[in-house]
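Structural overview
One letter stands for each residue in the lines below.
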Amino acid sequence: MSHEPHDKLQSDADTPGPSRLVAITDGTWAGWYHWEPFDDFEEHAGPFYCRPEGTGILCGFMPEAKNRNGGGNIHGGSLMTFADYALFMIAGGMESSVHGVTVTMNCEFVGAAEAGRMLTARGEVVRAGFSMVFVRGMIDDAGRNVLAFSGTIKRIARQPK
């Protein structure tokens, strides 16, 4: 058992400015939104986008050659990173109201995804309490299911800057 401090969460003090969704006005992703300031890992793995869809949110990802596994399909880690992004977007919607960490995430790979084909994620909040938000969703490739996911987010207070 580790004797290290359990809470190694980094302070928000080093994050430049408030996090927010920024509208994309041109190019392939015109009409979508991008989270800024961006998460370095998500930006490298993605980038990922979202937009409102009815009363929910639609998340989008265009995997590239860099996201492939040794078999030529999209690597499970890329799909799981996109699913983690989707957890937070589904939980918070078009607002930046959910700030926290992923406590659990379960994934079932139900189909292969290919580079160059847009993947989308949709889902629902199963339950939202004061400190925990439970979410489930599906990543699909033009209606063909690729990854089923569910997860729990632990809300944490934003640190003053």
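Everything numeric here is computed off the predicted structure, so don't read it as measured data.

Procedures and definitions
- Residues numbered from 1 in each chain as written.
- Predicted model: local features only at pLDDT ≥ 70, side-chain atom pairs only at ≥ 80, totals over all residues.
- Heavy atoms only, no water.
- Core = buried A, V, L, I, M, F, W, Y, C linked by side-chain atoms within 4.5 Å.
- Buried < 20%, exposed > 50% of the residue type's maximum accessible area, 1.4 Å probe, protein only.
- Helix = DSSP H or I, 4+ residues; strand = E, 2+ residues; numbered from the N terminus.
- Contact = heavy atoms within 4.5 Å.
- Pairing = 2+ DSSP bridges.
- 1 Å grid on protein atoms, 1.4 Å probe; cavity = no way out; pocket = protein on both sides within 12 Å on 5 of 7 lines; lining within 4 Å.
- Points joined across faces, edges and corners; volume = space filled by probe spheres on them.
- Nonpolar A, V, L, I, M, F, W, Y, C, P; charged D, E, K, R; others polar.

Okay, the nonpolar core next. Cys59, Phe82, Met89, Ile139 and Phe149 are the most contacted members of the largest nonpolar core, which totals 30 residues. Breaking this core down by element, the ones donating at least two residues are strand E3 (48-53), strand E4 (56-61), helix H2 (76-92), strand E6 (119-128), strand E7 (132-141) and strand E8 (144-155). Tallying contributions element by element places H2 first for this core, with ten residues. Once residues within four sequence positions are removed from consideration, methionine 89 is found in contact with Leu21, Trp35, Cys50, Ile57 and Cys59.

Quick look at the environment of glycine 111 now. Along the chain, the position of glycine 111 falls in the loop between strand E5 (100-109) and E6. A C-alpha to C-alpha distance of 7.7 Å links glycine 111 and arginine 144, two positions 33 residues apart in sequence. Setting aside its immediate chain neighbours within four residues, glycine 111 contacts Arg144, Asn145 and Val146.

Here glycine 46 and proline 47 are connected by a cis peptide whose omega angle stands at 10 degrees. By secondary structure assignment, the location of proline 47 is in the loop between helix H1 (40-45) and E3. One non-glycine residue, alanine 142, adopts positive backbone phi at about 55 degrees. Inspection of the secondary structure assignment puts alanine 142 in the loop between E7 and E8.

Next up on the list: the pairing of E4. Burial runs high along E4: five of the six residues are buried. Looking at chain direction, E3 and E4 are connected through six bridges and run antiparallel. Bridge pairing in E4 places cysteine 50 opposite cysteine 59. The antiparallel hairpin formed by E3 and E4 contains two residues in its connecting segment, where glycine 54 sits at a positive phi of about 60 degrees.

Picture a little ball the size of a water molecule; that probe, rolled over the atoms, points out where space is still empty. Counting across every chain of the model gives one cavity of 30 Å³ or more. In this structure, the largest cavity occupies an estimated 50 Å³ of space. Elements supplying a minimum of two residues to the lining of the largest cavity: strand E2 (33-36) and H1. Here the lining of the largest cavity is built from residues that sort into four nonpolar, one polar and three charged.

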